[in-house]
Amino acid sequence: MSFDLDSKIPEGPIQEKWTKHKFDSKLVNPANKRKYSVIVVGTGLAGASAAASLAELGYNVKSFCYQDSPRRAHSIAAQGGINANKNYQNDGDSTWRLFYDTVKGGDYRAREANVYRLAEVSGNIIDQCVAQGVPFAREYGGYLTNRSFGGAQVSRTFYAKGQTGQQLLIGAYQSMMRQVGLGKIQMYARREILDIVVIDGKARGVIVRDLVTGDIERHVADAVILASGGYGNVYFLSTNAMGSNVGAAWKAYKKGAGFANPCFTQIHPTCIPQSGDHQAKLTLMSESLRNDGRVWVPKEKGDKRHPNDIPEEERDYYLERIYPAFGNLVPRDVASRQAKFRVDENKGVGNTGVAVYLDFAEAIKRDGRDTIAAKYGNLFEMYQRITDESPYEQPMRIYPAVHYTMGGLWVDYNLQSTIPGLHVLGEANFSDHGANRLGASALMQGLADGYFVIPYTLGHYFGKNEIKKVDTTHPEFQKSEDEVRARTKKFLGINGSRSADEFHRALGKIMWENVGMSRNEQGLKKAISDIQQLRKEFWEDLRVPGTNEELNNELEKAGRVADFLELGELMARDALTREESCGGHFREESQTPENEALRDDEKFAHSAVWEFKGENQEPVRHREELKFEHVPLTQRSYK
Amino acid sequence: MSKEITVHLKIWRQKNRQDSGRFEEYTLNGVSQDQSFLEMLDQLNVKLVRDGKEPVAFDSDCREGICGSCSCMINGQAHGPEKETTTCQLHMRSFNDNDTIVIEPWRARAFPVIKDLVVDRSSFDKVIASGGFVSVNTGNAPDASAVLVSKENADKAMDAAACIGCGACVASCPNASAMLFVSAKISHLALLPQGQVEAQKRANSMVKTMDEMGFGNCTNHAECEASCPKGIDLSNIARMNREYFKAKIASEE
Ligand SMILES: Cc1cc2nc3c(=O)[nH]c(=O)nc-3n(C[C@H](O)[C@H](O)[C@H](O)COP(=O)(O)OP(=O)(O)OC[C@H]3O[C@@H](n4cnc5c(N)ncnc54)[C@H](O)[C@@H]3O)c2cc1C
Ligand code: FES
């Protein structure tokens, strides 16, 4: 079977594609919508907004999440803000500019038509959220206010203190709970998706473990939506929530969904540096801090003085020096890499020498402590709680950390994967951010997908396809369930000596060292063989205490780590075959004399889409060629 | 520089809902004071797994103090000794060498224990489903700047909306009342013009569901406010009562 990578981009001028597509799409009349059922995996911004919107339209929705409540999905942790093309600041923003910035920021590895649509609907998102009661920051006159974020020269980011993700998610969650109350959504919390069921070539259901009782359940529907988030936890240490996992997406990959650009990961420049081996996760300090904070290191190598004792002229504000036009607000990949270069040249700061400073002294002098506290107070507190140092008194120490994954399941313009009926939204898909995501654009994309895209494209899918009646007694359900049970039995039966966490840490180390901020052929080949070795040890020496028939955190972790041990290898393969640098993917072999990422558009202006070929078989790399008709391909420059 | 300490843990172990549960004691060496409280429990669990014992079950996800997953009574205090700090943000700096630390689950009729330190808080979701929203469908919304909101009200609404739904308020209240949680939601929405339309109806049905779920009454102990990791204040309860009585009066007219 050949892989169908038809992007289904509608004809016509880019400004009219979405309008035309909506008009041309098949409709399902309101009475018939009640006859269709949809499974939505995930209750983050993408999943919650989709579930609520689809239920409002009349579809019968079943929603799943692994947390004890849908309100706790990882989206809740987003701090900084959400972009939109409103141009309330009168500073020259527009749909076109947001589109342009996103394609350029993504280093020309995203599909133009999708990005344009994202920019086009971004304003509606803000309208919707305000109507739900999201308390965005306002000016004294009662109007909405904005801040700026990296990779843009306009102020287009809406925010709710340092808790934008929380507020947006609560808005979507409440809309969802309203539908739960009305009986249109059935909510299944503390459930983990362990397989996707495909019948006659179409996604028709999921196999789920009840995390409290261990019961394995079958759920059938007319379509399946995956909004299960990103896979940054493959690195063990990341800013993702502890439970963030690739499980659902990985099972879909194994059932025939293409996995696109797995090596495109985002390393966020402003995180609290690791302090020791005990650490379970890293904490992000919002990028919005770069609006007022200045990044620097001592000019002198190995300078161990207290930062407040280092005089102005002995500091190197290297982002301002190298990139005068964007200064501290260069995109994330650029800021991260520059921090790594400083540490590599032995100019890193703090006890470990693996950090740079982010300094607010000048901003506090200019605007006053109260103004800075109003903007960033909660972030400063969080920082102090973790490090025991006050950013009001001395510069923060920051270092890049894994934060977001641009890669994910391949989807066409309708957000449908290569498995008909399986739609993928939010961070779980690969679509809009190319090789680097701009700050405040993930929240925008998740909500665009859920509120404004899937309600149309899912109707189109139902209108166009005949969905046969099936139920959970279908042999494919039995087969999937048997496989899931067999795997669980295997985890519990190894009886080795190491916990899942120990393997996860080891995998993380391989990934960070070889498939992290800077990659080369030799390291990537080593990563592939090291991961294979580690995987072998995992299946021989894992220890999972307890049974399936109870709440068993260790069993959950084992399943997630087993998937990461396979995904990690695919990421290294993808990074190895992409012999160019672009966005967050930096191949040492491909750089400009100034150490900037050097793209190879001739050979690599495409998305790489991987097809699963069976256990222990080499996956096959396909491509979707990308055409840039509106944003001309140029070497990115932020100087 | 960080110091390593030894702690003596007394942890509530309960196999499932039916089990009656008991305390078990563990001593853990080599705990860095830079470690978070939950990283300390991770360390204990790695040790327990290695020794072939059952690790301690507890909830956590974001570990940034925002998702509301983590819980625990620590030495009798919800989320431990630090003000406005969730258990995941609590650090071992707050403890001394050789301290004994007692760790229990939330205890409330509406939050039954599932296992060890994990409880069932789905009653909170049911309260929200009964009215904690604005009835607006996707696509209905006017332009975001069409309705002005004073900065003061927007800020107050934000403060109320900062609730993370962790349940500390219920766990620390002698009556296991959910008034702070419910009033924070009612205030958040009542303070905004978008939420005003349904304010009384909302208060009515949320209070009704709250009672049905088995939460207790509020008798002004204020333990909820003291234990809230997000500093949600008691004035929300007063605001809720106003909305609730307005609703009552309206329905009697
Ligand atoms: C600390 C932090 C700060 C951020 N700040 C910003 C910001 O300021 N602006 C911005 O635009 N972006 C930000 N991001 C990125 C953004 O938050 C995420 O990309 C986005 O929220 C992802 O949303 P989602 O709906 O796709 O997935 P998630 O919110 O991750 O939700 C995933 C859902 O899937 C469920 N799930 C996953 N796997 C399974 C399974 N196997 N079975 C059942 N359920 C499953 C989970 O329970 C959850 O409900 C930030 C990210 C982090 C980590
Ligand atoms: S784990 Fe999320 S608040 Fe503590």
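None of these values were measured; they are calculated from a predicted model.

(A) Spotlight on the overall build of chain A. A tally of regular secondary structure across chain A gives 17 helices and 19 strands. Here the C-alpha atoms of chain A give a radius of gyration of 24 Å, agreeing with the 26 Å that 2.2 N^0.38 yields for 639 residues. A principal-axis box enclosing the C-alpha atoms of chain A has dimensions of 75 × 60 × 50 Å. The buried share of chain A, reckoned over its 639 residues, is 68%. Put simply, of all contacts in chain A between residues at least 6 apart along the chain, 74% involve residues at least 24 apart. Here chain A carries 83 positive and 85 negative side-chain charges, and the mean point of each set is 3 Å from the other.

(B) Spotlight on the sheet that holds strand β19 (residues 620-625) of chain A. Residues and elements named next belong to chain A. What the 4 strands build is an open sheet, ordered β16-β10-β18-β19; its pairing is antiparallel. Looking at which strands have only one partner, the edges of the open sheet turn out to be β16 (408-409) and β19. Of the pairings in the sheet, the one linking strand β10 (residues 259-260) to strand β18 (residues 606-611) comprises 2 bridges and is antiparallel in character. Bridged to Ala260 within β18 is Val609. Contacting β10, β18 and β19, helix α16 (residues 553-577) crosses the sheet at an angle of about 140° to β18.

(C) Structural view of the pattern of salt bridges. All names here are of chain A. Inspection of the entire model under this criterion finds 83 salt bridges over all chains. Linking Arg385 and Glu381 is a salt bridge whose minimum nitrogen-to-oxygen distance equals 3.7 Å. With Arg385 and Glu381 both in helix α11 (residues 369-387), this residue pair falls 4 residues apart, about one helical turn. What emerges from the salt-bridge pattern is a single network uniting Asp107, Arg109, Arg578, Glu580, Arg599 and Asp601.

(D) How the structure looks around helix α14 (residues 500-514) of chain A. All names here are of chain A. Helix length check: α14 (15 residues) gives 21 Å between terminal C-alpha atoms against 21 Å at 1.5 Å per residue, within 8%. If you check which residues of α14 are buried, you get Ala500, Asp501, Phe503, His504, Leu507, Gly508, Ile510, Met511 and Asn514. Tucked into the core, α14 has its buried residues touching α15 (521-541) and α16.

(E) Summary view of the layout of surface pockets. Residues and elements named next belong to chain A. Taken as a whole, the second largest pocket spans an internal volume of roughly 1,000 Å³. Breaking the lining of the second largest pocket down by element, the ones donating at least two residues are β6 (191-199), α7 (247-254), α13 (475-494), α15 and α16. Among the residues forming the lining of the second largest pocket, the class breakdown is 12 nonpolar, 6 polar and 19 charged.

(F) Spatial organisation of the interface of chain B and chain A. Listed as interface residues are 74 residues of chain B and, on the opposing side, 73 residues of chain A. Roughly 6,000 Å² is buried in total at the junction of chain B and chain A, and carbon and sulfur atoms are behind 52% of that figure. The interface formed by chain B and chain A includes 9 salt bridges. Where Glu502 of chain A meets Arg50 of chain B, a salt bridge forms, and the shortest distance between an N and an O atom there is 3.3 Å. Joining chain B to chain A, the criterion identifies 44 residue pairs in polar contact (both at pLDDT 80 or more). Where the side of chain B that touches chain A is concerned, the elements lending two or more residues are α1 (37-50), β6 (113-115), β7 (118-119), α2 (122-129), α3 (151-161) and α5 (179-190) of chain B.

(G) Focus on the domain arrangement of chain A. All names here are of chain A. According to the domain assignment, chain A contains domain 1 (268-401) and domain 2 (475-598). A separation of 31 Å is found between the C-alpha centroids of domain 1 and domain 2. Taken together, the contacts link 13 residues of domain 1 with 10 residues of domain 2. When domain 1 packs against domain 2, the two sides together hide about 850 Å² of surface, and 57% of this comes from carbon and sulfur.

(H) Molecular detail of the site of ligand 1. Around ligand 1 sit 38 residues, and of these Thr43, Gln67, Ser75, Glu427 and Leu443 of chain A come closest. Each of chains A and B places residues near ligand 1. In the environment of ligand 1, an oxygen atom lies 2.8 Å from a nitrogen or oxygen atom belonging to the backbone of Thr43 of chain A. Between Ser75 of chain A and ligand 1, the recorded distance is 2.5 Å, taken from a side-chain N or O atom to an oxygen atom. Protein chains bury 98% of the 1,000 Å² of accessible surface belonging to ligand 1 in isolation. Placement of ligand 1 is best described as lying within the largest cavity. The leading source of residues in the shell around ligand 1 is β6 of chain A, at 3 residues.

(I) Focus on empty space enclosed by the protein. Counted by the stated rule, this structure contains 13 cavities of 30 Å³ or more. Of the volumes computed, that of the largest cavity is approximately 840 Å³. Taken together, 49 residues make up the lining of the largest cavity; nearest its centre are His74, Ser75, Gly229, Gly230 and Glu427 of chain A. Mapped onto the lining of the largest cavity, the elements with two or more residues apiece are α3 (45-57), β6, β15 (396-405) and α12 (442-464) of chain A. Counting residues per element, the lining of the largest cavity draws most heavily on α12 of chain A, at 4 residues. Within the lining of the largest cavity, the residues separate by chemical class into 19 nonpolar, 23 polar and 7 charged. Residue lining of the second largest cavity: 43 residues in total, with Asn553, Glu556, Lys557 and Arg560 of chain A together with Ser60 of chain B positioned closest to the centre. Counting residues per element, the ones that place at least two in the lining of the second largest cavity are α14 and α16 of chain A together with α1 of chain B.

(J) Spotlight on the pairing of strand β1 (residues 4-13) of chain B. Residues and elements named next belong to chain B. Along β1, 7 of the 10 residues are buried, which leaves the element largely enclosed by surrounding structure. Sheet topology note: the β1/strand β2 (residues 22-32) ladder contains 9 bridges and is antiparallel. Along β2, the bridge assignment pairs Trp12 with Phe23. With 5 bridges joining them, β1 and strand β5 (residues 99-104) adopt parallel strand pairing. For Ile11, the partnering residue across the bridge sits in β5 and is Ile103.

(K) Region of interest: the sheet that holds strand β14 (residues 356-359) of chain A. Residues and elements named next belong to chain A. Across the sheet, which stays open at both edges, the 5 strands sit in the order β11-β15-β14-β12-β13 with antiparallel pairing between neighbours. If you trace the sheet from one side to the other, it starts and ends with β11 (265-271) and β13 (315-316), each paired once. Bridge count for strand β12 (residues 294-298) against β14 is 3 bridges, and the pairing is antiparallel. When the bridges of β14 are listed, Arg294 appears paired with Asp359. In the packing of helix α9 (residues 332-344) onto the sheet, the strands contacted are β11, β12, β14 and β15, and the crossing angle to β11 comes to about 65°.

(L) Representation of the packing of aromatic side chains in the model. Residues and elements named next belong to chain A. According to the stated counting rule, one finds 38 aromatic pairs over all chains in the structure shown. A ring pair is formed by Tyr253 and Phe612, whose centres lie 5.5 Å apart and whose planes are at 65°; its orientation type is edge-to-face. Here Tyr253, found in helix α7, pairs with Phe612, found in the loop between β18 and β19; they are 359 residues apart in sequence, far enough to count as distant. Taking relative accessible area as the criterion, Tyr253 reaches 2% and is therefore assigned buried. Centroid distance Phe380 to Tyr392: 4.9 Å. Interplanar angle 70°. Geometry classified as edge-to-face. Of this pair, Phe380 sits in helix α11 while Tyr392 sits in the loop between α11 and β15, and the two are 12 residues apart along the sequence. By relative accessible area, which is 1% here, Phe380 ends up buried. Members of the aromatic cluster, each reached through a chain of ring pairs, are Tyr231, Trp250, Tyr253, Phe259 and Phe612. The ring of Trp18 carries Arg117 above its face, with NZ or CZ at 4.7 Å from the centroid.

(M) Looking closely at the domain arrangement of chain B. Residues and elements named next belong to chain B. Splitting chain B by domain gives domain 1 (4-104) and domain 2 (122-252). Computed from C-alpha coordinates alone, the two centres of domain 1 and domain 2 are separated by 31 Å. Counting from both sides, the interface comprises 11 residues of domain 1 and, opposite them, 11 residues of domain 2. Between domain 1 and domain 2, the buried area comes to about 760 Å², and carbon and sulfur atoms account for 62% of it. Applying the counting rule to domain 1 against domain 2 returns 0 salt bridges. For the pair domain 1 and domain 2, the number of links is 1 residue pair in polar contact (both at pLDDT 80 or more).

What counts, and at which threshold
- Positions within a chain are numbered from 1, following the residues in the order the chain's sequence is written.
- Lettering for chains starts from A, numbering for ligands starts from 1, and both go in the order in which the items are written.
- Confidence filtering applies because this is a predicted model: local features only for residues at pLDDT of at least 70, side-chain atom pairs given and counted only at 80 or more, and all residues used for totals across whole chains, interfaces and linings.
- With hydrogens and water set aside, each side-chain value is computed from the structure's full complement of heavy atoms.
- Helix and strand labels come from DSSP, where a helix needs a run of H or I of at least four residues and a strand needs a run of E of at least two; each type is numbered from the N terminus.
- In this setup the radius of gyration rests on C-alpha atoms only. A globule is expected at 2.2 Å times the number of residues raised to 0.38.
- Exposure classes here rest on a 1.4 Å probe applied to the protein chains alone. A residue is buried below 20% of its type maximum, exposed above 50%, and partly exposed in between.
- Contacts are assigned to residue pairs with any non-hydrogen atoms lying within 4.5 Å of each other.
- Charge counting follows a simple rule: Lys and Arg are positive, Asp and Glu are negative, and His as well as the terminal groups are ignored.
- Charge coordinates come from a single atom per side chain, which is NZ of Lys, CZ of Arg, CG of Asp or CD of Glu.
- Two strands are counted as paired when DSSP detects at least two bridges linking them.
- Every axis corresponds to a line fitted to the C-alpha atoms, with the helix fit spanning only the stretch in contact, and the corresponding angles, defined between N-to-C directions, vary from 0 to 180 degrees.
- A pair is scored as a salt bridge if a Lys or Arg side-chain nitrogen falls within 4 Å of a carboxyl oxygen belonging to Asp or Glu.
- Expected helix span is taken as 1.5 Å per residue step, with the number of steps being one fewer than the number of residues.
- The way it works is a 1 Å grid over only the protein atoms, where trapped points that fit a 1.4 Å probe form a cavity and open points with protein on both sides within 12 Å along at least five of seven lines form a pocket, and then any residue with an atom within 4 Å of a point lines it.
- Grid points are joined across faces, edges and corners, and a volume is the space filled by probe spheres set on the points.
- Side-chain classes follow a simple rule in which Ala, Val, Leu, Ile, Met, Phe, Trp, Tyr, Cys and Pro form the nonpolar group, Asp, Glu, Lys and Arg form the charged group, and the remainder, Gly included, forms the polar group.
- Two parts placed together each lose some accessible area under a 1.4 Å probe, and adding up what both lose gives the buried area.
- Residues adjacent in sequence count toward polar contacts only when both atoms are side-chain atoms; beyond that, a polar contact is any pair of N or O atoms within 3.5 Å, and within protein one must be able to donate a hydrogen and the other to accept it.
- For the purposes of this description, domain bounds are those given by an automatic or database domain assignment.
- Note on definitions. A residue lies near a molecule or strand when any single heavy atom of the residue is within 4 Å of it.
- Calculation of accessible area relied on Shrake-Rupley with a 1.4 Å probe; when residues are assessed, cover is drawn exclusively from the protein chains displayed.
- Any molecule with more than half of its atoms within 2 Å of a cavity's or pocket's grid points is regarded as sitting in that cavity or pocket.
- Ring pairs shown here join Phe, Tyr and Trp side chains whose ring centres sit within 6.5 Å, with only the six-membered ring taken for Trp; geometry is labelled stacked below 30 degrees between planes, edge-to-face above 60, and tilted in between.
- Here, a charge over a ring means that NZ of Lys or CZ of Arg falls within 6 Å of the ring centre while also lying within 35 degrees of the ring normal.

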